[in-house]
Amino acid sequence: MITNPRDTFTLRRVRPVVCLLFFVAAGIAAFVAIGPSRTISAQGGQPSPFAAVSPATPECPPGSDLITVLADTFDGVTPPTLPAGWTATNAIDPDGIFWQTSNAGVPSPPADSPPNAAWINDPPIAGDKYLDVGTFFIFEAWWAQLTFRHNFNLQSGFDGGVLEISSFYINNGAFTDITDPAVGGSFETGGYNAIIATGTGSPIAGRHAWSGNSGGFITTIVNLPTLVIDGKLRWRMASDNTGSGEGWRIDNITLTECHFNGPPTPTPTATATATATATPTPTVTATASPTPTPTPPSCSVTSEVCGIVVTFPLTDYFVEASDVVNAATLDGGDFIVNGTPADDAVLISGGHLILFTFNTSPVIPGVNAMHIPAGAFNCFKGPVAEFTCTFTYVPNTPTPTPTATSTPTPSPRPTPVPRARPTPHPRP
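Described in the following lines is the structure provided in the data block. (Residues numbered from 1 in each chain as written. Predicted model: local features only at pLDDT ≥ 70, side-chain atom pairs only at ≥ 80, totals over all residues. Heavy atoms only, no water.)

**A look at the sheet that holds strand β23 (residues 366–372)**
Consideration 1: The strand order across the open sheet built from five strands is β17-β26-β23-β19-β20, with neighbouring strands paired in mixed fashion. Looking at the sheet topology across the chains shown, the edges are occupied by β17 (309–310) and β20 (340–341).
Consideration 2: Examined bridge by bridge, β23 and strand β26 (residues 387–393) share seven bridges and lie antiparallel to one another. Paired with His371 across the strands is Thr388, a residue of β26. (Pairing = 2+ DSSP bridges. Helix = DSSP H or I, 4+ residues; strand = E, 2+ residues; numbered from the N terminus.)

Given below as structure tokens:
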């Protein structure tokens, strides 16, 4: 940066800057005023309250791969059949209607990419209807995103839809809202637009949700956690007892991750150091030192179970390796919990993630020890280093129902019997 110490701060110099800032501020204000008024026009429907956006896919750094983990358009089946991998369940079944594929009806249009979309109705009484897909894995990811298009017309503020996720290490595997802090997900665009009313029988009362009329298909983009093991997604539609709507349609679902495939760490180049002229010193007899044997490189492993507290006895354990594992050297017995070897081992996610399984859980209440001996299997850089860590099992014991203490019933007091008065003798 070049500066001129002879320059002074004068009103003449500052006036152009102030003018420029004024025009920039005016432009920003105009953009802000215009931006929120942009709407998506439904195909033959009403304007949507959702802003029209076309967010760019985040950058995937060099040395990484953009991987499609899940994608579906629901077009390869005949309605009402769902594609393979999708399941529909009614936790509260008011009418016998489940999530299904559809190519006609309301809300209109019936599909974002014809002919089909997934669809569920919005009944006038309380219902809780699930559309699930899985299992999938997200691993060694810079980022992961779910994108889908949906069209809903649900009783505003009373009936709504939410997105939930289940993963092995999230909330003990229970389905949890994508925005819950335990999940760490967030909406990039097209997030929830309402809070469901309480006191009217909705299974998701008080929660944020999609509700009302989207005015046609809109785009929702969700930032997912970067580690999902045994993942499942759930689109959940819940109705209450106060009214009904047309329903909810979902189409063009894509889940992508930016998978890290980092290059090997470069070997540092040795820097030449000038050799100083040695001063003659008395000759000392040198003692030969043995040449150290080079240690072969090894790979390290870790597990998300290390240090956590679980409330159910685990049978599946995921172990992450720092290098690709040589499958030919891997065996279930390489992983030991409390002295019991696993029954099976499976490589997933490009060979960096190992799933060790036990037919019967080896877990005991309290502290449990996991162990992989050094050299139990090989990675492509060398043998695995020894791995040891612990976790704690606290059984989730239900709170006992207090037993009512019987109160003795007091015996009724005997009714006093009136004493007979003696008949007086007649006077003489």
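**Points about the pattern of salt bridges**
Consideration 1: Scanning all chains against the criterion turns up seven salt bridges.
Consideration 2: Two residues, Arg234 and Asp132, come together in a salt bridge whose shortest N-O distance is 2.8 Å. Remark: Asp132 occurs in strand β5 (residues 127–138) and Arg234 occurs in strand β14 (residues 228–239); sequence separation between them is 102 residues. Grouping residues by exposure puts Arg234 and Asp132 together as buried.
Consideration 3: With a shortest N-O distance of 3.0 Å, Arg207 and Glu164 are connected by a salt bridge. Of this pair, Arg207 sits in the loop between β10 (194–195) and β11 (208–209) while Glu164 sits in strand β7 (residues 160–166), and the two are 43 residues apart along the sequence.
Consideration 4: With a relative accessible area of 2%, Glu164 lands in the buried category. (Salt bridge = Lys/Arg side-chain N within 4 Å of Asp/Glu carboxyl O. Buried < 20%, exposed > 50% of the residue type's maximum accessible area, 1.4 Å probe, protein only.)

**Considering empty space enclosed by the protein**
Consideration 1: The final tally for this structure, using the stated rule, is one cavity of 30 Å³ or more.
Consideration 2: Estimates place the volume of the largest cavity at around 60 Å³.
Consideration 3: If you go around the largest cavity, the residues you meet are Phe139, Tyr169, Leu227, Ile229, Thr302, Ser303, Glu304, Phe318, Val319, Glu320 and Leu353.
Consideration 4: Contributing elements (two or more residues each) for the lining of the largest cavity: β16 (301–303) and β18 (316–321).
Consideration 5: For the lining of the largest cavity, a count of residues per class yields seven nonpolar, two polar and two charged. (1 Å grid on protein atoms, 1.4 Å probe; cavity = no way out; pocket = protein on both sides within 12 Å on 5 of 7 lines; lining within 4 Å. Points joined across faces, edges and corners; volume = space filled by probe spheres on them. Nonpolar A, V, L, I, M, F, W, Y, C, P; charged D, E, K, R; others polar.)

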